[in-house]
Amino acid sequence: MSFIRKKSMEFLKRFEVPAKNPSEDVQRRWREAVGTIVLNRRRRFRMVPDLDKRSQAETQRRKIQEKLRVALFVQKAALQFIDAARKTDHPLSELARQCGFSVSAEELASIVRGHDSKSLRFHNGVDGIARKIAVSLTDGVKSDDAGLRAEVYGANQYTEKPPRTFWMFLWDASQDMTLMLLAFCAVVSVAIGLATEGFPGGMYDGVGIMMTILLVVMITAASDYKQSLQFRDLDKEKKKIDVQVTRDGYRQKVSIYDVVVGDIVHLSIGDQVPADGLFIDGYSFVVDESSLSGESEPVHVSTANRFLLGGTKVQDGSARMLVTAVGMRTEWGNLMETLSQGGEDETPLQVKLNGVATIIGKIGLAFAVLTFTVLMARFVLAKANSDGGLLNWGMEDALSVLNFFAVAVTIIVVAVPEGLPLAVTLSLAFAMKKLMQERALVRHLSACETMGSASCICTDKTGTLTTNHMVVEKVWVAGADATLSVPNGFDQITSSLSGNFNGLLLDGVFHCSGSEVVRGKDGKVTVMGTPTETAIIEFGLEVEKRAGVEHAAAEKVKVEPFNSVKKTMAVVVAGAGGGGRHRAFLKGASEVVLRRCDAVLDAAGNAEQLTEAKAKRVATAIDAFACDALRTLCLAYQDVDAGVAGAGGEIPGDGYTLIAVFGIKDPLRPGVKEAVATCHAAGINVRMVTGDNINTAKAIARECGILTDDGIAIEGPEFRQKDPDEMREIIPKIQVMARSLPLDKHTLVTNLRGMFNEVVAVTGDGTNDAPALHEADIGLAMGIAGTEVAKENADVIIMDDNFSTIINVAKWGRSVYINIQKFVQFQLTVNVVALMVNFISASFTGSAPLTIVQLLWVNLIMDTLGALALATEPPNDAMMKRPPVGRGDNFITKVMWRNIIGQSIYQLVVLGLLLLRGKSLLQINGPQADALLNTFVFNTFVFCQVFNEVNSREMEKINVFSGIFSSWIFSAVVGVTAAFQVIMVELLGTFANTVHLSGRLWLISVLIGSVSLVIGVILKCIPVDSSSDSSDRHDGYQPIPTGPNAV
């Protein structure tokens, strides 16, 4: 046994794959290990990527990228030597001319795709293009014209493969080799039956087999088709991207699919460029074209280089863009066709269960061959001893041999658990659909599975733990602070400050901002921007209203958008400094800005030297704000010479005058404290990683229960200075990391996974969070505050940015894992019993007690119906009161083996007794005694499985009925199984080889089956040492408890 176990473990190692980014070698290794023991390759590997197709798609993608590289680089050089007079004609369509457009879709697309500066100049630049497509660069397109533009210039849709129909799934389900063999046997059986017994008696057996095969195929196809619809809906959600456009003179959000030629699109850091277009205006605008061209070098886009390609990502700055080509007229459209080829990577659990199915399949094949050999040997011996001897063969003999062969094939059908890997897909599809309803979009299948093993969550603070509905609560100006939420709070500020101070304050608030104040169609003023900037702009609007002072309009000469590394943003405004000088404003993290100041503004608006004592008072005010759990930001300015800080110059790094310190309130989300407590109970450590002030971070962390007495809070700069040995010592204690850079988050995640073997989930919303999201076992991007770059690198998108939703993902992840364990336990029990019963009966009686139709029905119960019942059970709160499953834990645990072996022994003993002594025990007599006994054995066997299905709902807990009606699918499957069993026995006897059972026999059948529940209780009282089921734990938590009092 130890030798077999060792060989099995070695074999299963070939089925180990990482949850993220598995190599092609690893993927091919397990495919080769599966070998030929697969009944239906088309179905088994339907959700597994076709590596050959993926390779072809990758080659095609590289060709497109190479073509684009030529367009972007070679063509630029060639245009210097080639006469631009050789211009391709792009005739204008009649529809375009009638609509008032004077440039064709093909010509517009060619300008940007070819970076054709000469053609752009020929059309008089962006202004000329705008006139030719009848759009205002200020007001954008008219909403009423959007449909017409889509008709003339195309819609922003990409060619996609048509969805698979139900009939395709029906065809896939029918490709099962064993079912084909059984169908062939059925046809031969009908032919021989008609020849020997005539019509209709001779065709019942064959027709019964064919009808059962049809039922199996139909139910299998229906289940698979339902899954495909769920995945299709989820795929649509994944592709939903909203973009900011100006239409009808107002800024508004539209779906990326609704963008049309002529739209004015607003782009900022982390956005995806939705279509090809031309740069109108913007600041420090840099795009990453690597997704298209394969070149990692960032591209600076400005008035000197106006070309923007769809599908690229904004790396820095902000801009407005005029859309010139959409959909399949863009290179991104052509590339999108290749991106979905080959399917999504298989999950570790799918691969692991393919390994289990392969081992069981080999055992089943051996038993099938043995059973056929034993049946044939007994038949041949009986034939040899008969009067006619071995030379006298008739139709009935041929039918017997055919039946032996069909039974052996059916044993293979039952023994090879094709449903194991597919049950994972079913469970994941169900979980992903439910999570979508709970505001979590799972982008990668494996993430839902892996999240159930998460032992650590590194979460942002702003918007995840807090509401992200920000408001300026306190402000420090001219040596004093004021609370704005109290009555007369604003009046206290505006009355004590001079008009000069208010003017400087308002200029800084409105000019040094990435937000924009827009007026909607209803006249309502809205601030478009991040919650932090929105809070400050709203503060400025309120000051304007109360002080009667408005900020001065001015041209921005240079802008440095907010950067998570510098933790500041800066802007230079033309002429605001007086005497022809420019004025630079600086806003950002309070400590960073304060270090760059050497003066402070007094109430009259005059600059005073920032002495050490004054700097200390400002720092004290900042700390006081932070200790009140407020986000702190500073605003400062300095006047600079036009030549020093012009468009090509650098914005000064120091020498600023401090204007104000803002304390921004961002309340804790309701339910976060409870969610953190749930994590701790579930063995999941929660760490806060934020760019905020350490005092603010500590205050929030204490409030929500993250920071405890034995935990530490550390700042990013201090963390970065630690060597590996120091990190090994300090990382387990870190609960808060403040003033951190994205690189700090990446380092923390890498060390948690590498040093401590943690399964790490990480939240992120910014472009710079992408490396950490990619490195983590589960990357969680924010759906509201997150950039498109962050979402693209994430595995799960938290649509409502709520920490409690992350806990739901973990709960469903655990549910998937446990549900699959339940199903495996149930299916292996049926496998063991069905194999042994048929083999033992064949050996002792010369016939199989379960006919082909009956075995196919049992296979349907344990495969498709069993997966539906057990793999779709919803999670319960008890799942979050046990530690996570470790990376090295065995999937089939000793607890499961105890249940499988115990239930199998009970069923084998009962069925063995019935086969050997059934007639005398049940007092069955008469000419139909054999048929009655076989029907009773079949009925008892089925009800043993029905009750064991109920038993499998809980592997440890005695009360298996708890929450049974919370899963209507489980109740429906059990009900349908029992009802169809009655129909099969009582009404379909001619086809199923059954006869009518009396009420007494029905009652005994059900009672014997229900004893499985009692056996389950007894088994759960047997303690099991599960220490070898799990790897050495790093987190201090004990293994999952066992015994009747366990969860």
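The present account deals with the structure reproduced in this document. Please read all numbers here as calculations on a predicted model, not as lab measurements. Position numbers for residues start from 1 in each chain and track the written sequence from start to end. The model is predicted, so local features are restricted to residues of pLDDT at least 70 and side-chain atom pairs to those at 80 or more, both for listing and for counting; the totals for chains, interfaces and linings are taken over all residues. Side-chain measures here rest on the full set of heavy atoms in the structure, leaving out hydrogens and waters.

Helix and strand labels come from DSSP, where a helix needs a run of H or I of at least four residues and a strand needs a run of E of at least two; each type is numbered from the N terminus. Per the secondary structure count, the protein includes 37 helices and 26 strands. Within the span of the protein, comprising 1047 residues, buried residues form 55% of the whole. Contacts in the protein between residues at least 24 apart in sequence constitute 74% of all its contacts with a sequence separation of at least 6. Here, Shrake-Rupley sampling with a 1.4 Å probe gives the accessible areas, and only protein chains in the shown set may cover a residue. Carbon and sulfur atoms form 56% of the exposed surface of the protein, whose accessible area is close to 43600 Å². Relative accessibility decides the category of a residue: with a 1.4 Å probe and only protein chains considered, values under 20% of the type maximum give buried, values over 50% give exposed, and everything between is partly exposed. Two residues form a contact once any of their heavy atoms are found within 4.5 Å.

Here we take up the pairing of strand 17 (residues 597-601). Each regular strand displays side chains that alternate between the two surfaces of the sheet. Most of strand 17 is tucked away, with four of its five residues classed as buried. Across three bridges, the pairing between strand 17 and strand 20 (residues 656-665) is parallel. Following the sheet pairing, Ala 599 is matched in strand 20 by Thr 657. Inspection of the sheet shows strand 17 paired to strand 18 (residues 607-609) by three bridges, in the antiparallel sense. By the bridge assignment, Leu 601 is partnered in strand 18 with Ala 607. In this scheme, strands are said to pair when DSSP sees at least two bridges between them. Between strand 17 and strand 18, which follow one another and run antiparallel, lie five residues, and Gly 605 among them has a positive phi close to 90 degrees.

Only Phe, Tyr and Trp rings are paired, with Trp represented by its six-membered ring, and only when their centres lie within 6.5 Å; those with planes under 30 degrees apart are stacked, over 60 edge-to-face, the remainder tilted. Applying the stated criterion to the full structure yields 13 aromatic pairs. An angle of 55 degrees between the planes, with centres 5.3 Å apart, marks the rings of Phe 101 and Tyr 153 as tilted. Here Phe 101, found in the loop between helix 5 (94-98) and helix 6 (105-113), pairs with Tyr 153, found in helix 9 (residues 146-153); they are 52 residues apart in sequence, far enough to count as distant. Judged by relative accessible area, Tyr 153 falls into the buried class, the value being 1%. Judged by centre distance (6.5 Å) and plane angle (40 degrees), the rings of Phe 585 and Tyr 637 are tilted. Here Phe 585 is found in strand 16 (residues 581-589), whereas its partner Tyr 637 is found in strand 19 (residues 630-640), with 52 residues between them in sequence. With respect to class, Phe 585 is no different from Tyr 637; both count as buried. Through a chain of ring-to-ring contacts, the aromatic side chains of Phe 166, Trp 167, Phe 169 and Tyr 225 assemble into a single cluster.

Our focus in this paragraph is helix 35 (residues 968-986). A helix's residues, less one, multiplied by 1.5 Å, set its expected span. Given a rise of 1.5 Å per residue, 19 residues ought to cover 27 Å, and the 27 Å separating the end C-alpha atoms of helix 35 matches this to within 8%. Regarding helix 35, the residues found buried are Ile 969, Phe 970, Val 973, Val 974, Thr 977, Gln 981, Met 984 and Val 985. The arc that holds every buried residue of helix 35, seen down its axis, measures 130 degrees, which confines them to one face. Taken from the helix axis, the directions to the C-beta atoms give the arc we talk about.

Close contact between helix 17 (residues 419-437) and helix 31 (residues 803-845) brings their axes to 10 Å; oriented N to C, the two are set at 155 degrees. By the angle between their axes, helix 17 is roughly antiparallel relative to helix 31. Where helix 17 crosses over helix 31, the handedness of that crossing is right-handed. Residues Gly 419, Leu 420, Ala 423, Val 424, Ser 427, Leu 428, Phe 430, Ala 431, Lys 434 and Leu 435 of helix 17 lie in contact with helix 31, whose contacting residues are Asn 808, Val 809, Trp 812, Val 816, Asn 819, Ile 820, Phe 823, Val 824 and Gln 827. The nonpolar class holds Ala, Val, Leu, Ile, Met, Phe, Trp, Tyr, Cys and Pro. Asp, Glu, Lys and Arg form the charged class, and all remaining residues, Gly among them, are polar. Looking at the contact of helix 17 with helix 31, its residues break down into 13 nonpolar, five polar and one charged. Lines fitted to the C-alpha atoms define the axes, with helices restricted to the stretch that makes contact. Angles between their N-to-C directions range from 0 to 180 degrees. Working rule for angles: under 35 degrees goes down as roughly parallel, over 145 as roughly antiparallel, 65 to 115 as roughly perpendicular, anything else as oblique. Left-handed is the label given to a crossing in which the near helix is rotated counterclockwise from the far helix by less than a right angle, and right-handed is the label when the rotation is clockwise.

Looking now at the sheet that holds strand 21 (residues 685-689). By definition, the strands of a sheet pair up through backbone hydrogen bonds, in either a parallel or an antiparallel sense. On the basis of which strands lie adjacent, the open sheet formed by eight strands has the order 8-26-25-24-9-21-23-22 and mixed pairing. Each edge of the open sheet is held by one strand with a lone partner, namely strand 8 (440-442) and strand 22 (712-715). The average undirected angle you get between the axes of adjacent strands in this sheet is 20 degrees. As paired strands, strand 21 and strand 23 (residues 734-738) are joined by two bridges and run parallel to one another.

A few words now on the pattern of salt bridges. Salt bridges are defined by distance alone: a side-chain nitrogen of Lys or Arg within 4 Å of a carboxyl oxygen of Asp or Glu. Evaluated as defined, the whole model comprises 30 salt bridges. Among the salt bridges present, the one from Lys 614 reaches Glu 608, with a minimum N-O distance of 2.8 Å. For Lys 614, a relative accessible area of 24% translates into the label partly exposed. Beyond isolated ion pairs, a larger network of salt bridges with shared partners links Asp 460, Lys 745 and Asp 769.

The next thing to look at is unusual backbone geometry. Within the chain, Asp 248 stands out as a residue other than glycine whose phi angle is a positive 55 degrees. By the element assignment, Asp 248 lies in the loop between strand 1 (242-247) and strand 2 (250-255). Taking relative accessible area as the criterion, Asp 248 reaches 27% and is therefore assigned partly exposed.

Turning our eyes to something else, we now look at the pairing of strand 1. Most of strand 1 sits out of view: five of its six residues are buried. Where strand 1 lies against strand 2, six bridges are found, and the strand directions are antiparallel. The residue of strand 2 that forms the bridge with Gln 244 is Lys 253. Once strand 1 ends, the chain turns through two residues before running back antiparallel as strand 2, passing Asp 248 with a positive phi of about 55 degrees.

What follows deals with the packing of helix 32 (residues 852-870) against helix 34 (residues 929-951). Relative to each other, helix 32 and helix 34 sit at 10 degrees, their axes nearing to 11 Å. Taken together, the axes of helix 32 and helix 34 are roughly parallel relative to one another. Here Gln 854, Trp 857, Val 858, Ile 861, Leu 865, Gly 866, Ala 869 and Leu 870 of helix 32 lie close against helix 34, whose contacting residues are Phe 938, Phe 941, Val 942 and Glu 949.

Quick look at the side chain of Asp 116 now. Within the secondary structure, Asp 116 sits in the loop between helix 6 and helix 7 (117-122). Reaching out from Asp 116, the side chain makes a polar contact with the side chain of Ser 119 at a distance of 2.7 Å. In contact with Asp 116, other than residues within four places in its own chain, are Ser 110, Ile 111 and Phe 307. Identification of polar contacts relies on pairs of N or O atoms within 3.5 Å, with a donor-acceptor requirement for protein atoms, meaning one able to donate a hydrogen and the other able to accept it, and with residues adjacent in sequence counted only if both atoms are side-chain atoms.

Leu 182, Met 451, Phe 803 and Ile 820 are the most contacted members of the largest nonpolar core, which has 164 residues in total. For this core, the leading source of residues is helix 31, giving 20 residues. Taken domain by domain, this core gets at least three of its residues from each of domain 3 (347-429 + 811-1021) and domain 4 (440-466 + 669-801). Aside from chain neighbours lying at most four places away, what touches Ile 820 is Leu 349, Leu 353, Ala 423, Val 424, Ser 427, Ala 871 and Phe 891. Nonpolar cores were defined as sets of buried Ala, Val, Leu, Ile, Met, Phe, Trp, Tyr and Cys residues, with membership established by side-chain atoms within 4.5 Å. Counting residues in hydrophobic clusters, the runner-up holds 48 residues, among them Ala 96, Ala 105, Phe 285 and Val 287. Residue ranges assigned to each domain were obtained from an automatic or database domain assignment.

What follows concerns a negative patch on the surface. A cluster of acidic side chains, namely Asp 723, Asp 725, Glu 726 and Glu 729, defines a negative patch on the protein surface. Here Asp 723 is to be found in the loop between helix 26 (716-720) and helix 27 (724-730). Candidates for patches are residues over 30% relative accessible area with no salt bridge; among them, like charges are joined within 9 Å and nonpolar side chains (Val, Leu, Ile, Met, Phe, Trp, Tyr) within 5 Å. Charged-residue counts in this description rest on Lys and Arg as positive and Asp and Glu as negative, His and the chain ends being excluded. Each charge is placed at NZ for Lys, CZ for Arg, CG for Asp and CD for Glu.

This part covers the state of the cysteines. The term disulfide is used for any two cysteine sulfur atoms that are within 2.5 Å. All told, the structure shown has zero disulfides when counted by the stated rule. With no disulfide of its own, Cys 458 lies closest to Cys 456 among cysteine sulfurs, the gap being 3.9 Å.

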